[in-house]
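# A look at the structure
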Amino acid sequence: MLKDVIATRYITPLREGGSLPGLVEADDSGTYVVKFTGAGQGRKTLVAEVVCGELARRLGLRVPRLVTVELDPLLGLGEPDQQVQDLLRSSSGTNLGMDFLSGALGYDPLAFPVDAGEAGRTVWFDALVNNVDRSWRNPNLLVHHGDLWLIDHGATMIWQHNWPSAEASAARPYDASDHALARFAPDVRGAAADLAPLVTEDLLAEVTAAVPDVWLADEPGFDHPDDLRRSYARPLLARAAVIQDRITGIEGAA
Ligand SMILES: Nc1ncnc2c1ncn2[C@@H]1O[C@H](COP(=O)(O)OP(=O)(O)OP(=O)(O)O)[C@@H](O)[C@H]1O
Ligand SMILES: [Mg+2]
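What counts, and at which threshold
Residues numbered from 1 in each chain as written. Chains lettered and ligands numbered in written order. Predicted model: local features only at pLDDT ≥ 70, side-chain atom pairs only at ≥ 80, totals over all residues. Near = placed C-beta within 6 Å. Nonpolar A, V, L, I, M, F, W, Y, C, P; charged D, E, K, R; others polar. Domains from an automatic or database assignment. UniProt positions renumbered as here; feature names shortened; annotations may be inferred. Helix = DSSP H or I, 4+ residues; strand = E, 2+ residues; numbered from the N terminus. Core = buried A, V, L, I, M, F, W, Y, C linked by C-beta atoms within 7 Å. Buried ≥ 20, exposed ≤ 12 C-beta atoms within 10 Å, placed from the backbone. Contact = placed C-beta atoms within 7 Å. Expected span 1.5 Å × (residues − 1). Axes fitted to C-alpha atoms, helices over the stretch in contact; angles between N-to-C directions. Parallel < 35°, antiparallel > 145°, perpendicular 65-115°, else oblique. Left-handed = near helix turned anticlockwise from the far one by under 90°.

An unreviewed UniProt entry annotates the protein as HipA-like kinase domain-containing protein of Streptomyces longwoodensis.

## A word on the site of ligand 1
In the vicinity of ligand 1 there are 20 residues, among which Gly 17, Gly 18, Ser 19, Leu 101 and Asp 152 approach most closely. Residues that form the shell around ligand 1 fall into these classes: ten nonpolar, seven polar and three charged. When residues of the shell around ligand 1 are sorted by domain, at least three fall in each of domain 1 (3–99) and domain 2 (105–248).

## Here we look at the UniProt feature "domain: HipA-like kinase" (unreviewed entry) in the protein
If you check UniProt for "domain: HipA-like kinase" (unreviewed entry), the listed places come out as residues 12–240 in our numbering. The span residues 12–240 shows a helical share of 31% and a strand share of 16%, and its end C-alpha atoms are spaced 39 Å apart.

## Re the nonpolar core
If you look at the biggest cluster of nonpolar residues, it comprises 68 residues, and the most contacted ones within it are Val 51, Val 69, Val 123 and Trp 124. Of the residues forming this core, the biggest block, eight residues, is contributed by helix α1 (residues 43–58). Taken domain by domain, the makeup of this core includes at least three residues from each of domain 1 (3–99) and domain 2 (105–248). Beyond its immediate stretch of four places on either side in the chain, Val 69 contacts Val 5, Ala 7, Val 24, Ala 26, Tyr 32, Val 34, Asn 95, Leu 96 and Gly 97.

## A short note on helix α3 (residues 116–128)
With 13 residues, α3 extends 18 Å from end C-alpha to end C-alpha; this agrees with the ideal 18 Å at 1.5 Å per step. With respect to burial, α3 is a largely interior element, ten of its 13 residues being buried. Every buried residue belonging to α3 is among Ala 119, Gly 120, Arg 121, Thr 122, Val 123, Trp 124, Phe 125, Asp 126, Ala 127 and Leu 128, and all of these are buried. Lining the buried residues of α3 we find α1, β9 (174–175), α4 (188–195), α6 (225–242) and β10 (247–248).

## As for the packing of helix α5 (residues 201–209) against α6
Interaxial distance between α5 and α6 falls to 9 Å at its minimum, and their mutual angle equals 140 degrees. In terms of orientation, α5 and α6 fall into the oblique class. Crossing hand, α5 versus α6: right-handed. For the pair α5 and α6, the contacting residues are Glu 201, Leu 204, Ala 205, Thr 208 and Ala 209 in the first and Arg 229, Tyr 232, Ala 233, Leu 236 and Leu 237 in the second. Here the contact of α5 with α6 is composed, by residue class, of seven nonpolar, one polar and two charged.

What follows is the structure, encoded as structure tokens:
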């Protein structure tokens, strides 16, 4: 279970995010970047954020802490921006928050070289979850206090949009040629040796258990949120064993 907080103040929209994430203060005095269930991207992007964020963290990668944020749509009434007001009004209930890394800079590969080990672990993880949103054009990496942090895992696990084909997705290759860290000679073989054995059924059960039931309910073809959780876990378990041989576009990989 993620920690649950209650939104107390909407501070400002983060305009660079396509889904209009907002900076929100909560009843625990924390400041969070919140992604809203009412955004056009839909709740599956939030499920992906939780599954991938919690998995990455357990594999030793840095991801801002995730929380669920309860939103009373009345909070939006005073917002001058119509788009923000509409978004808050349609996002009543449980939304996703992540610790706001104050002062973090967007990643620039020219200013912040990464060693082959960290690059390899990041590329291997992105291949595992089929992350198409870590290119050098749009790295979704932040540098905070001298460390690299991973954000924005909404565009992963494409198979969640077509469950009947999900099992076959384990074999889907991953093209890393555009990856933000491709230039740092990512050691994906070393990463696979260290990380693949950690991706077990138990670990994936723990990670998928963190997704709130309300984002999993009423999925066509599934009677219970736990059935859907298992469907998220299965392709990841299968992929972990084989993905290092299916990464293309970087030296030393397949
Ligand atoms: N935890 C965080 N701490 C500090 N800044 C953040 C954090 N999360 C996101 N941001 C900032 O907000 C921007 C948008 O976040 P994010 O990429 O997650 O949103 P998005 O709507 O999924 O974006 P897009 O789909 O356009 O890539 C980031 O590029 C970054 O500048
Ligand atoms: Mg982004």
